[in-house]
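Given next are the chains, with one letter for each unit.
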Amino acid sequence: QQAPVSVTIDAAASGPRIDRNIFGQFAENLGTGIYGGVWVGEGSPIPNVRGIRTDVTSALRALKIPSVRWPGGCFADEYHWRDGIGPSRQRAVTVNGSWGNALEKNDFGTDEFFDFLDQIGSDAYISINMGSGSVKEAADWLAYMTADPGTTAGAERAANGHPKPYRVRFLGLGNESWSCGGAYRPDYYVDEMKRYARFVRNLNLEQQGTDNPAGGSVAGSAPMQRIAVGPGTPDTDYTEAVMKAWKAHDWSWSIEGLSMHNYTWVRWPPAYASTGFGEREYATLIQDTLKMEDMIRIHSAVMDKYDPDKKVPLVIDEWGVWLAKLPGSRDGFLHQQNSIRDAIIASINLNMFARHADRVRMTAIAQMVNVLQAMILTDGPKMVLTPTYHLFRMYVPFQDATRLPIAFDAGTYRFGTVAIPRVDAIAARAQDGKLWVALTNVDPGTPVRIDARIDGLAARTVTGTVLTADRVDAINSYDRPDAVMPRPIAASVRGGRIAVTLPPKSVAVLSVSP
Ligand code: AHR
């Protein structure tokens, strides 16, 4: 039997806050992510509230999702918001050129999106169209969403049933403008971005401030944060250009976030299967996800040069496992299954974000329902929660918790040429004062015994759950929806030390109290 891994946690220390916005989500008008996955329409036999399916909203509510990014992605740069407001029979029918040339009936538009947010208790992260739109179109959209009903724009929203201005907490200034968002040179993007940052205003008086034209701080109200396009590869040209401009900004414009996209796919185009794979694919994908650490380090270094006080957060608003589409699913719909491997990958990424909590203060996993690394899969009336859903639910206590110092010898898991850390862990003090520890055993064949010493807390009770499975490719299907589920894990505490054994390929979350 292998010796236990020694872990030391300083429960009395104070560290950075793990911003709850790190647990954000992305939902694009893509495939069945919205249509079928969220929106079924009021006439549907699938139970719904004003067209939004109730099984999905009640599952999502439990994740305490801080924000949802919408309408894209690449789709955002060809989205014209007027197509999606007003009586549904009058809405434009268009083609989603980014994703499978699907018919876009625009049944799910701005008002439906805010209804959805209300139903799941989340904030809006709106991506505006900087590709095929204009500053005026984007400014008009923000006016529609946020202006007082006494204005023409606000009156139009009121006529559509929503007199109260919406709260737009985050505004994305374009999407992947180095590629599907217009293929702009960095300097060109920066010049354009400044116009959007200046003129696309949040007019919601509750969010407006005095020192920031897009809505600065006022007591009791979170201002809107504008998020500029940043990198999608280790290339730092966008990071340099945007951060250099930010450093020189004046009163007339600013940004409050820099976006970064980084997927786990090993190589493009994504070819790894989401079901029926073996340990080689398991190990290779987990190794690939560790590149997130390099991406954060490379781009944070550039940000530190211009912003040593870390005022501008790095917003990783697209991340996750991008695999081959499921056989039989439509091209461009990015429909894949989700296994215990993907949940382990999610834990490794969330742990990285927590370790970089001083700079990484917001992320959005791609995507929420039916697309890429989804929380939920649906097929007509059927719904299943994925292993990644359960992982996100287990991590809820880390939202806005204080990260604590944790030391351990990770060891190495090897398969073929892959050699990666075997154990991963984070610890935090939650708002309720409890100590929370997340422990990941990457090794799919060998359990790991943990001997954790907790300094600064007279630990007396420990409880926990563990997510694991019998196979590396274990999934939840409509027939076996509970195959990969969190279950209680036996852990003991004696003399301030916690003992627990992590099963192979597992993530455990423990709660420790005095
Ligand atoms: O998430 C799918 C796509 O990936 C997004 O639309 C785009 O921004 C990225 O390339």
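Preceding block: the structure.
Residues numbered from 1 in each chain as written. Predicted model: local features only at pLDDT ≥ 70, side-chain atom pairs only at ≥ 80, totals over all residues.

A.B. asks: What exactly am I supposed to notice about the overall build of the protein chain here?
C.D. replies: Within the protein chain, the secondary structure is distributed over 10 helices and 28 strands. At 23 Å, the protein chain has a C-alpha radius of gyration in line with the 24 Å of a compact globule built from 514 residues. When the backbone C-alpha atoms are referred to their principal axes, the protein chain occupies close to 70 × 50 × 40 Å. Across the 514 residues of the protein chain, 53% fall into the buried class. The contacts of the protein chain with a sequence gap of at least 6 include a subset with a gap of at least 24, amounting to 74%. (Helix = DSSP H or I, 4+ residues; strand = E, 2+ residues; numbered from the N terminus. Rg over C-alpha atoms; globule rule 2.2 N^0.38 Å. Buried ≥ 20, exposed ≤ 12 C-beta atoms within 10 Å, placed from the backbone. Contact = placed C-beta atoms within 7 Å.)

A.B. asks: Got a minute to help me understand the site of the ligand in this structure?
C.D. replies: Around the ligand, the neighbouring residues are E28, G72, G73, C74, N175, E176, E318, A366, Q367 and L372. Among the residues making up the shell around the ligand, the classes are represented as three nonpolar, four polar and three charged. (Near = placed C-beta within 6 Å. Nonpolar A, V, L, I, M, F, W, Y, C, P; charged D, E, K, R; others polar.)

A.B. asks: Would you take a moment to explain helix α9 (residues 340-355) for this structure?
C.D. replies: Since one α-helical turn is 3.6 residues long, residues separated by three or four positions face the same way. For α9, built from 16 residues, the straight-helix expectation of 22 Å at 1.5 Å per residue is met to within 8% by its first-to-last C-alpha distance of 23 Å. For α9, the tally of buried residues reaches 15 of 16 residues, placing the bulk of the element in the interior. (Expected span 1.5 Å × (residues − 1).)

A.B. asks: Quick question: what am I supposed to make of the nonpolar core here?
C.D. replies: Counting 165 residues, the largest nonpolar core has I128, L173, A427 and V437 as the members making the most contacts within it. Formed jointly, this core draws a minimum of three residues from each of two domains, domain 1 (5-11 + 404-513) and domain 2 (20-399). Once you skip the residues sitting within four places of it in the chain, L173 turns out to touch I128, M130, M193, Y196, A197, R226, I227, A228 and V229. (Core = buried A, V, L, I, M, F, W, Y, C linked by C-beta atoms within 7 Å. Domains from an automatic or database assignment.)

A.B. asks: Just checking my understanding: could you explain the packing of helix α3 (residues 135-146) against helix α4 (residues 152-159) for this structure?
C.D. replies: Packed helices, taken two at a time, are described by the angle their axes make and the gap between the axes. Packing of α3 against α4 leaves a shortest axis separation of 7 Å and a crossing angle of 55 degrees. One finds that α3 runs oblique with respect to α4. Considering the relative orientation of α3 and α4, their crossing is right-handed. Contact with α3, carried on its side by D140, A143 and Y144, involves A153, E156 and R157 of α4 and no other residues of that element. Residues of the contact of α3 with α4, tallied by class, amount to three nonpolar, no polar and three charged. (Axes fitted to C-alpha atoms, helices over the stretch in contact; angles between N-to-C directions. Parallel < 35°, antiparallel > 145°, perpendicular 65-115°, else oblique. Left-handed = near helix turned anticlockwise from the far one by under 90°.)

A.B. asks: I keep staring at the sheet that holds strand β21 (residues 423-429) and nothing clicks. Help me out?
C.D. replies: In any sheet, the strands associate via hydrogen bonds between backbone groups, in a parallel or an antiparallel arrangement. Ordered by their spatial adjacency, seven strands build an open sheet running β2-β17-β21-β22-β28-β24-β25, and the pairing between neighbours is antiparallel. Here the strands that pair on one side only, and so sit at the sheet edges, are β2 (17-18) and β25 (487-488). Where strand β24 (residues 461-467) lies against strand β28 (residues 506-513), seven bridges are found, and the strand directions are antiparallel. Its bridge partner lying in β28, T465 is registered against V509. Lying over the sheet, helix α10 (residues 387-394) contacts β24 and β28, oriented at roughly 160 degrees with respect to β24. (Pairing = 2+ DSSP bridges.)

A.B. asks: When you look at the environment of V95 in this model, what are you seeing that I'm missing?
C.D. replies: Summarising the element assignment, V95 is placed in strand β7 (residues 94-96). Of the residues examined, V95 has 12 C-beta atoms within 10 Å and is grouped as exposed. Beyond its immediate chain neighbours, meaning those up to four positions away, V95 contacts N101, L103 and E104.

A.B. asks: Even after reading the chapter, I still don't get the sheet that holds strand β26 (residues 491-494), so can you show me in this structure?
C.D. replies: As summarised here, the arrangement of the five strands in space is β18-β1-β23-β27-β26, forming an open sheet in which the pairing is mixed. The two strands at the open ends of the sheet, each matched to only one other strand, are β18 (406-408) and β26. Across this sheet, the average inter-strand angle for adjacent strands is 20 degrees, counted without regard to direction. Here strand β23 (residues 448-455) pairs with strand β27 (residues 497-502) via six bridges, running antiparallel.

A.B. asks: What exactly am I supposed to notice about the packing of helix α7 (residues 279-289) against α9 here?
C.D. replies: Their axes nearest at 10 Å, the elements α7 and α9 cross at an angle of 20 degrees. When the interaxial angle is binned, α7 and α9 end up roughly parallel. The handedness of the crossing between α7 and α9 comes out as right-handed. Judged by residue contacts, Y282, L285, I286 and T289 of α7 engage R341, I344, I345, I348 and N349 from α9. Split by residue class, the contact of α7 with α9 holds six nonpolar, two polar and one charged.

A.B. asks: What should I look at first to understand the pairing of β24 in this one?
C.D. replies: One ladder, built from two bridges, connects β24 with β25; its direction is antiparallel. When the sheet's bridge partners are listed, V466 is paired in β25 with R487.

Functional significance is not addressed by these values, which are geometric in nature.
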